[in-house]
Amino acid sequence: MREMLRVSIGGAHAGLVITVFIVVLFAAIGGTVWALIVGGAVAFWFAVALIAVAGGGRRGWAAVKRAYLLTFSWASWL
């Protein structure tokens, strides 16, 4: 189970690329407002993850990296 749920920085980078592509797609099709809504939702999720990680005791770049993994590593499972 632990191996199945393991995440990697490469998967997080892929998730970031897919997320940026989706935000750009929303901007092209739906306009700037929809791109800001989707991008804002992702930024909000990252901020919540960063606050949770910092509350758990991580500081500095370790906290940012863990929040990055929590936000974008879903692409590891694709």
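This text follows the structure it describes.
Residues numbered from 1 in each chain as written. Predicted model: local features only at pLDDT ≥ 70, side-chain atom pairs only at ≥ 80, totals over all residues. Heavy atoms only, no water.

How should the overall build of the protein be read in this particular structure?
Of regular secondary structure, the protein possesses three helices and zero strands. Start at the N end of the protein and walk to the C end: the helices and strands fall as α-α-α. For the protein, the C-alpha atoms occupy an extent of roughly 40 × 25 × 20 Å along the three principal directions. Residues classed as buried in the protein amount to 21% of the 78 residues present. When contacts within the protein are restricted to residue pairs at least 6 apart in sequence, long-range pairs at least 24 apart make up 64% of them. Accessible surface, the protein as shown: approximately 5,600 Å² in total, 76% of it carbon and sulfur. (Helix = DSSP H or I, 4+ residues; strand = E, 2+ residues; numbered from the N terminus. Buried < 20%, exposed > 50% of the residue type's maximum accessible area, 1.4 Å probe, protein only. Contact = heavy atoms within 4.5 Å. Areas by Shrake-Rupley, 256 points an atom, 1.4 Å probe, with all protein chains shown as cover.)

Mind showing me how you'd approach the packing of aromatic side chains here?
Applying the stated rule across the entire model yields one aromatic pair. With a centroid separation of 5.4 Å and an interplanar angle of 55 degrees, the aromatic rings of tyrosine 68 and phenylalanine 72 are classed as tilted. Here phenylalanine 72 and tyrosine 68 lie together in helix 3 (residues 60-72), a separation of four residues that amounts to about one turn. (Phe/Tyr/Trp six-rings, centres within 6.5 Å; stacked < 30°, edge-to-face > 60°.)

Can you help me understand the side chain of threonine 19 in this one?
Counting through the fold element by element, threonine 19 comes out in helix 1 (residues 9-30). Look at threonine 19 and you get buried, because its relative accessible area is 12%. There is a polar contact of 2.7 Å between the side chain of threonine 19 and the backbone oxygen of glycine 15. (Polar contact = N/O pair within 3.5 Å; in protein donor to acceptor, adjacent residues only side chain to side chain.)

Explain helix 1 here, please?
An α-helical segment advances 3.6 residues per turn. Residues three or four places apart therefore align on the same side. Between its first and last C-alpha, helix 1 extends 31 Å over 22 residues, near the 32 Å set by a 1.5 Å rise per residue. The set of residues buried in helix 1 consists of Gly11, Ala12, Gly15 and Thr19. Buried residues of helix 1, seen end-on, are gathered within an arc of 95 degrees and therefore sit on one face of the element. For helix 1, exposure combined with an orientation more than 90 degrees from the buried face picks out Val17, Phe21 and Ala28. (Expected span 1.5 Å × (residues − 1). Arc of directions from axis to C-beta.)

Is there a simple way to think about helix 2 (residues 32-55) in this case?
In a regular helix each residue adds 1.5 Å, so 24 residues correspond to 34 Å; helix 2 covers 34 Å between its end C-alpha atoms and thus fits that length. Looking at helix 2, one finds that the buried residues are Ala35, Val38, Ala49 and Val53. Here the buried face of helix 2 lies against helix 1 and helix 3. With its phi angle positive at about 110 degrees, glycine 57 sits one or two positions after the end of helix 2.

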